[in-house]
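Single-letter residue listing:
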Amino acid sequence: MSDLPESLAEIVDDFAAVGAQDKLQLLLEFSRELAPLPTELEESAMEPVPECQSPLFLSVDDSDRQKVRLHFSAPAEAPTTRGFASILYQGLDGLSADAILAVPDDFYSDLGLAEAVSPLRLRGMSAMLARIKRHLRN
C-alpha cells in the first residue's frame with residue numbers, strides 16, 4: 001500500500017480494523033459524509049458512471065494539477081454507491097494528479113468489502129477510479 005496517499009491509507013486502515021458487519025456500518029457512515037455539490041456544478045454537466053449499480057455522476061477538475069478537485073453525485077437511496085464515492089472523495093480530493101494516478105487500480109480490495117457487498121458493486125468503485133484516472137491522463 002505504499003502507493004496510497006496518506007488520506008486514503010487511513011481510510012483503508014479504518015476498514016481493516018473492523019469486522020465484516022462493522023465494515024457495512026462504516027460504509028454507511030461514509031455515505032452520509034459525501035460532500036454536496038458546489039452550487040455552480042450541476043449534475044447534468046457531470047460524467048455518468050454507468051458501471052455503478054445506482055446513478056452516479058462525477059466531475060474531475062484538474063485545472064490545477066497539484067490540487068485536483070473531485071465531485072460526486074449519487075442519490076441518498078444508494079448508500080453503497082455514495083459510500084464508495086465518499087471514500088474516493090475523502091481519500092483523493094485535493095491531491096496532485098500524479099498522486100491520484102499512482103493509486104493502485106485495485107486498492108479497494110484492501111477495504112475488505114468483498115464479503116459484504118457484491119462484485120458488481122465493487123466494480124462500480126473500480127470504474128469510478130478508472131474514470132478519474134482516465135480524465136487525468138487526457
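Here, the structure is the one placed above.
What this report covers is the structure whose coordinates are included nearby. (Residues numbered from 1 in each chain as written. Predicted model: local features only at pLDDT ≥ 70, side-chain atom pairs only at ≥ 80, totals over all residues. Heavy atoms only, no water.)

## What about the nonpolar core?
One finds Phe15, Phe72, Ile87, Phe107, Leu111 and Met128 to be the most contacted residues of the largest nonpolar core, which totals 40 residues. Of all the elements in the fold, those that place two or more residues in this core are helix 1 (6-16), helix 2 (20-32), strand 2 (57-61), strand 3 (69-73), helix 3 (79-92), helix 4 (97-101) and helix 5 (119-137). Among the elements that line this core, the one with the most residues is helix 5, at seven residues. (Core = buried A, V, L, I, M, F, W, Y, C linked by side-chain atoms within 4.5 Å. Buried < 20%, exposed > 50% of the residue type's maximum accessible area, 1.4 Å probe, protein only. Helix = DSSP H or I, 4+ residues; strand = E, 2+ residues; numbered from the N terminus.)

## Examining the pairing of strand 3
Burial analysis of strand 3 places four of its five residues in the buried class, the great majority of the element. As judged from the five bridges shared by strand 2 and strand 3, these two strands associate in the antiparallel manner. Bridge pairing in strand 3 places Val60 opposite Leu70. (Pairing = 2+ DSSP bridges.)

## Details of the pattern of salt bridges
One pass over the full model with this rule turns up six salt bridges. Residue Glu47 pairs with Arg134 through a salt bridge whose shortest N-O separation is 2.6 Å. Of this pair, Glu47 sits in strand 1 (residues 47-48) while Arg134 sits in helix 5, placing them 87 residues apart in sequence. Given the relative accessible area of 23%, Glu47 is considered partly exposed. A relative accessible area of 40% places Arg134 in the partly exposed class. (Salt bridge = Lys/Arg side-chain N within 4 Å of Asp/Glu carboxyl O.)

## Focus on the environment of Ala102
Turning to its location among the elements, Ala102 is positioned in the loop between helix 4 and helix 5. For Ala102, a relative accessible area of 37% corresponds to the partly exposed category. C-alpha of Ala102 to C-alpha of Lys133: the two residues are 31 residues apart in sequence and 9.3 Å apart in space.

## Considering the packing of helix 3 against helix 5
When two helices pack together, their arrangement is given by the angle between the helix axes and by the axis-to-axis distance. Orientation of helix 3 relative to helix 5, taken along the N-to-C sense of each, is 35 degrees, at an axis distance of 10 Å. Classified by chirality, the crossing of helix 5 by helix 3 is right-handed. Taking contact as the criterion, the partners of Thr80, Thr81, Phe84, Ala85, Ile87, Leu88 and Leu92 in helix 3 are, on helix 5, Arg121, Leu122, Met125, Met128 and Leu129. Considered class by class, the residues forming the contact of helix 3 with helix 5 number nine nonpolar, two polar and one charged. (Axes fitted to C-alpha atoms, helices over the stretch in contact; angles between N-to-C directions. Left-handed = near helix turned anticlockwise from the far one by under 90°. Contact = heavy atoms within 4.5 Å. Nonpolar A, V, L, I, M, F, W, Y, C, P; charged D, E, K, R; others polar.)

## Observations regarding the side chain of Arg82
Its place among the elements puts Arg82 in helix 3. Buried and unpaired, Arg82 has Glu43 as its nearest opposite-charge partner, separated by 8.2 Å. Here the side chain of Arg82 touches Ser31 through a polar contact of 3.2 Å, landing on its backbone oxygen. Apart from residues no more than four positions distant in its own chain, Arg82 is found in contact with Phe30, Ser31, Leu34, Ala74, Pro75 and Ala76. (Lys, Arg positive; Asp, Glu negative; His and termini not counted. Polar contact = N/O pair within 3.5 Å; in protein donor to acceptor, adjacent residues only side chain to side chain.)

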